[in-house]
Each structure stands twice: as structure tokens, then as C-alpha cells.
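Remarks on the overall topology
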Amino acid sequence: MNHNLTWDKEHIWHPYSSLKSPNSTFYIQSANGVNLQLDNGLKLIDGMSSWWAAIHGYNHPVLNQALIEQSKNMSHVMFGGLTHQPAIDLSKKLIELTDPSLDFVFFSDSGSVAVEVALKMALQYWIAQGIHGKNKFISFNRGYHGDTFAAMSVCDPVTGMHQLFSGFLHQNYFAQAPTCFSKDLNKYKTIDLSSVEKLLMNNNDIAAIIIEPIVQGAGGMRIYCPEYLAALNNLAEKYQVLLIFDEIATGFGRTGTLFAYEQANIAPDILCLGKALTGGYLSLAATLCNQKVVDGIHYDNQGVLMHGPTFMANPLACSIANASIDLLLSTPWQEKILKIEHQLKQQLAECIDFQHVSDVRVKGAIAVIELDQNVDTNALCEDFVEQGVWIRPFAKLIYLMPPFIIEPEQLSQLTQAIKFVLTKYY
Ligand SMILES: *Cc1c(COP(=O)(O)O)cnc(C)c1O
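Residues numbered from 1 in each chain as written. Predicted model: local features only at pLDDT ≥ 70, side-chain atom pairs only at ≥ 80, totals over all residues. Heavy atoms only, no water.

In this section: helix H11 (residues 333-348). Every α-helix winds through 3.6 residues per turn, so residues three or four apart in the chain are directed the same way. Counted at 1.5 Å a residue, the expected span for H11 with its 16 residues is 22 Å, and the 22 Å between its end C-alpha atoms agrees. Contacts made by the buried residues of H11 are with helix H10 (315-329), strand S13 (357-363), strand S14 (366-371), strand S16 (397-400) and helix H13 (408-425). (Helix = DSSP H or I, 4+ residues; strand = E, 2+ residues; numbered from the N terminus. Expected span 1.5 Å × (residues − 1). Contact = heavy atoms within 4.5 Å.)

Next up, the structure:
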């Protein structure tokens, strides 16, 4: 075995991993386009976009150039008391591309922190107005919002580590997960928000509702309908709580629209962005909000938003984000994602006939095969690598979210590999 890999196993933690019984790990030498190059010469077609992020694939000349140019100018300066063009340009783009009501931007260094900032904005909104005790959030079963503590406190209460950290985690309210799956399109009609409304009716300590619009990601890759989101917005207005959308996974085209919430023709008070923001190059996130939130936080004209990461608005990351957004918008991305969606539906539809497949769902450039049992991630990854693809299932889910630049033949290889594995095991 590659001795670097041995070192890695013995000394480095990977996501949600053990050093005593490490997961199988593959050594990547380089990445280019949709290909990940292994050290044994094998090339894998990437079906994961490095967790939603690498929408343009890897080693993209335009993004590389943005990085090089910015590094010659300045790689970083503190954002306290200083500003720079990459941050100004990026804030203009984000304000321009999102709903007209979202006019203010807070930059941070990762998605989880963007969620922390969003929660803090919502709490400070009430505190500054002298309305005390509004210090809880409504979130949803099967939701995922990150791994820092406040973010964890709004993640699914079963899979979200609440048991492990009980006694330390803040207690929030959980509503039923949105139920309108894509499998049976008729189910789109039954929108049940009664559990949300019950919580809003019975509790006056709620600061905000937080949800991932249209797709619940890491908590189960669950797709729900825009009508649900619109109805949720109505409830937030009716009960006068803030609405936070976490688009860290769905932002920048993944679901077929630039932002998933657009499909509901509504807008949140606070919006979190991350992951694909820099095309998967550097860690950067943003929390946007509307005038109402700003006015609340500055109610006495003195309030300050109490957050300020060291690497806030890092110029390298902002420059790449600017280049990534321009690159996306300069391509026929909507058409491309529609084509990916169509091909995924066509090639994966038959998977529903496998004995242990309980659902097949596709939305934009996302495909999900849900099984009736947990998969052996290690075994499946090894099989996928043998098939020349990089697909990493978790829990009961085998899923794809390839870079948008993927060619039809390459996408076929991904869906073929899934069918191969289903045939072998399920
Ligand atoms: C990944 C993710 C986060 C956390 O982002 P990190 O950059 O990993 O901290 C938060 N919310 C959603 C919806 C995500 O998919």
C-alpha cells in the first residue's frame, strides 16, 4: 500500500471517522475536469462534486487564473477596518442575483459559520428591539445545517448528534420533515404544515424558522415541493417569526434554478450560501439578510452584529467566487442542468425495480436512490472505484450530484456503475 495512505490511516481524522477502524480511503494525486486521478493510474469520474461544491469540475483554467492573479495582488488582509475590491464585487453579485429584498452580506469562512451567523442575526433582531425570550428556533426533522454547536442544535434530532451532546446542545423545536416526495408526483398536492403551525401557536419563544429549501441534503437527500416552502413563508408571516433559508447545498444552480427558493416565488429574511460559492476551490460562505433584519439589529442605532472571523471575506476566496459566478452565468447552465436531470431520470428510473430500492428521485443535477437498509459505504466505494467512478453513499442513500460540466457519456458511466452495484448487492 502507498505508504502515505498508511500514514493517513494512522494519524489523520477524516469526516465522521475513527482512527481505530478507519474507513477505506483513496489517495488522489490530482483532479482535472470531472476526473479524479488515483495514484495507481486509475481515473475516476466524479459523481459528488466534492459535496456540492465543484460545479465547474476541477483544475478549471478560469478559476486557476483568478486565484493566481489575486495572489499577486494580495492573498489576505484583515476585514476589520479594511475592505477590498474582491469583497465589494462579490457582495454586489450576490445582492444582484438573489431576491431584491436581500441587500446585506456577511462573509464567513464555512457553511456552518454562515448558519451560526444567521442564527445570531435572528437572535439579535429580537434582543435589540427589547423583545426578550425569543431564543429558540423551529427546524425540521431530517434537516442538516452544519457541525458547529448552534448549527447542530437545528440538525435532525436523531441523526444530528443530539444524543451524544445532550446536556450541551441548545434545545430547539422540530417540526415534521416536509413530506411531499418526488416519487409519487400526486403527493405534491398534500402539503402538511400542521406540526409547524402547532409549534408556532403554542410557543412564544421562537426567533426564527430555519430550513433547507426544496432539498434536505445531508439529513436524507429529501426533495419537497415549492408549494410547501410558500406555505411555510405564509406561516412565518402570520406568526411574525423570521425565516432563514439554508441554501449552502442547493445554491448556484444545483436544483435547476440559481437558488432553490426561487421556485416558490418567495424570499427569506436571511439566506445562507456556501459550498459552490467558490466552485469548490476555497472555503467561503455568506449570510445575506433584508432591511427588516438590519433595522431590527440596529433598533437603537447602536447595535452591532457580534461576529467577525479572522479570514472574513478572504480576497483569494472572494476573487475565485467572482470568477466562478461569472463562469456559471456565461454558460447555458439552466439548459445543461435540465439535460442532466432528464438523463438521470431516464437512466435511473428502472432502479425502482430492484428488491431493496425504496425510492428513486431526481431534481436538477441531483439523483438519489434510497434503499430499505443501510449500505456498507466502504464496500460500495471500493466497487465504484473498480467501475472507474467516485460515488460515496451514506446511510440508505446512493446519490449523485456531478459537476455541471459532465458529458452525457460520463454521466452514463455513473448511472451504469450504480446499476452494477444494485445488481450485485440489492
Ligand atoms: C454542508 C452544509 C452546511 C455546512 O457547511 P460547512 O462548509 O461544511 O460548514 C450547512 N448547511 C447545509 C445545507 C449544508 O449542506
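More follows now that the structure is in view.
What follows deals with the state of the cysteines. All told, the structure shown has zero disulfides when counted by the stated rule. Looking at Cys272, it has no disulfide partner, and the nearest cysteine sulfur is the one in Cys289, 11 Å off. (Disulfide = S-S within 2.5 Å.)

For the structure shown, the criterion picks out nine salt bridges. In this structure, Lys339 engages Glu335 in a salt bridge whose closest nitrogen and oxygen atoms are separated by 3.7 Å. Residue Lys339 and its partner Glu335 are both found in helix H11; the two are separated by four residues, about one turn of the helix. Since its relative accessible area comes to 54%, Lys339 is described here as exposed. Salt-bridge contacts for Glu370 lead to Arg361; the nearest nitrogen and oxygen are separated by 2.6 Å. Judged by relative accessible area, which is 17%, Glu370 ranks as buried. Linked by salt bridges that have partners in common, Asp359, Arg361 and Glu370 make up one network. (Salt bridge = Lys/Arg side-chain N within 4 Å of Asp/Glu carboxyl O. Buried < 20%, exposed > 50% of the residue type's maximum accessible area, 1.4 Å probe, protein only.)

Looking now at unusual backbone geometry. The phi angle of most residues is negative, glycine excepted, and most peptide bonds adopt the trans form. Phi angles above zero are rare outside glycine, and Trp51 is one such case at about 60°. With respect to the element layout, Trp51 can be found in helix H2 (residues 49-52). For Met221, which is not a glycine, the phi torsion comes out positive at approximately 50°. Here Met221 is to be found in the loop between strand S8 (215-216) and strand S9 (222-223). Assessed through its relative accessible area of 2%, Met221 is described here as buried.

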